[in-house]
Amino acid sequence: MKSITRQKPFEEIQEQLEPFDRIFIAGCGTCATLTETGGVDQVREMSDQLNELGKRISGTTVIPTACDEMTSEVMKEHNRAIGDANCILVMSCALGVHRISLYIDKPVIPALDTLFIAVEDTPGNFHEVCAQCGQCVLGETAGICPITTCHKGLVNGPCGGTNDGKCEIDREKDCAWTLIYNRLKEQNRLYLMKKYNPPHNFQVTPRPGVLKIS
Ligand code: SF4
Ligand code: SF4
């Protein structure tokens, strides 16, 4: 599973960094490196861009996996450069930003937007498989998620725009409900197409999400 990110518009990063003149930049060697949003090259490019704006970069690093506990050790290794900075710019997903902010008592600024959790189908091709909606219907849709695969997130069959098995929103994409229909047919479970699913209840997803195993 990979956390998919996209760099924020540079103007937005610039605005957030406006009060700070000494910056430490941290990237992530796992997901953000794979998606080319927070790896060695992107951290270097960001450093150069900020230098051109007159900011001083006190140091940079690419943490092996920014979201895990070992991040605290990496932060300690860069204690001096971090101490010299007045903020940390993080080029990882929100999980990494959260992790770093646990250890650093300075403003932590995200340079990326976190979009979704995905699997990598083929090298460089990421596909969202679950939006963690809290009300899973995969048992009735032959393992294909209608929330993430259908552009409209429909849970009761296709919309009126499906055409020749393609989606009306994106003609390059297979209609999710054609995929579901075909797979259910292969499994001799087409009767499930007639089953009504109540409208999705987004309140079943707890906020804040907490699980305690006693
Ligand atoms: S229906 Fe889709 S989004 Fe919801 S839990 Fe199942 S796989 Fe995830
Ligand atoms: S054409 Fe299919 S995938 Fe596209 S929005 Fe309609 S039901 Fe969803």
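Described below are features of the structure shown in this document. None of the values given here were measured: they were computed from a predicted structure.

Once that is clear, we can look at the site of ligand 1. Every residue near ligand 1 is listed here: C130, A131, Q132, C133, C136, V137, L138, C145, I147 and T148. In terms of residue class, the shell around ligand 1 is built from eight nonpolar, two polar and no charged.

Here we have three strands laid out as an open sheet, ordered β1-β6-β7, and antiparallel in their pairing. Edge positions in the sheet fall to β1 (2-7) and β7 (125-128), since each has one partner strand and no second. Between one strand axis and the next, the sheet turns by 60° as a mean value, whatever way the strands run. Bridge count between β1 and strand β6 (residues 112-122): six bridges; the pairing is antiparallel. Across the sheet, the residue bridging to R6 is D113, located in β6.

For the rest of this paragraph, the subject is helix α6 (residues 94-103). Residues G96, V97, R99 and I100 constitute the buried set of α6. Viewed end-on, α6 has its buried residues packed into an arc of 165°, placing them on one side of the element. Against the buried residues of α6 lie β2 (22-28), α4 (71-77), β4 (87-91) and β5 (108-110).

This next bit is on the nonpolar core. Counting residues in each nonpolar core, the largest one holds 28 residues, and the members touching the most others are I25, A26, I88, L89, V90, M91 and I100. Where this core is concerned, the elements lending two or more residues are β2, α2 (31-34), α3 (40-52), β3 (56-63), β4 and α6. Leaving out residues up to four positions away in the same chain, I100 has contacts with A26, A66, T71, M75, I88, V90 and V108. Core analysis: the second largest hydrophobic core is formed by ten residues, I144, C145, C150 and Y181 among them.

About the criteria used
Residues numbered from 1 in each chain as written. Chains lettered and ligands numbered in written order. Predicted model: local features only at pLDDT ≥ 70, side-chain atom pairs only at ≥ 80, totals over all residues. Near = placed C-beta within 6 Å. Nonpolar A, V, L, I, M, F, W, Y, C, P; charged D, E, K, R; others polar. Pairing = 2+ DSSP bridges. Helix = DSSP H or I, 4+ residues; strand = E, 2+ residues; numbered from the N terminus. Axes fitted to C-alpha atoms, helices over the stretch in contact; angles between N-to-C directions. Buried ≥ 20, exposed ≤ 12 C-beta atoms within 10 Å, placed from the backbone. Arc of directions from axis to C-beta. Contact = placed C-beta atoms within 7 Å. Core = buried A, V, L, I, M, F, W, Y, C linked by C-beta atoms within 7 Å.

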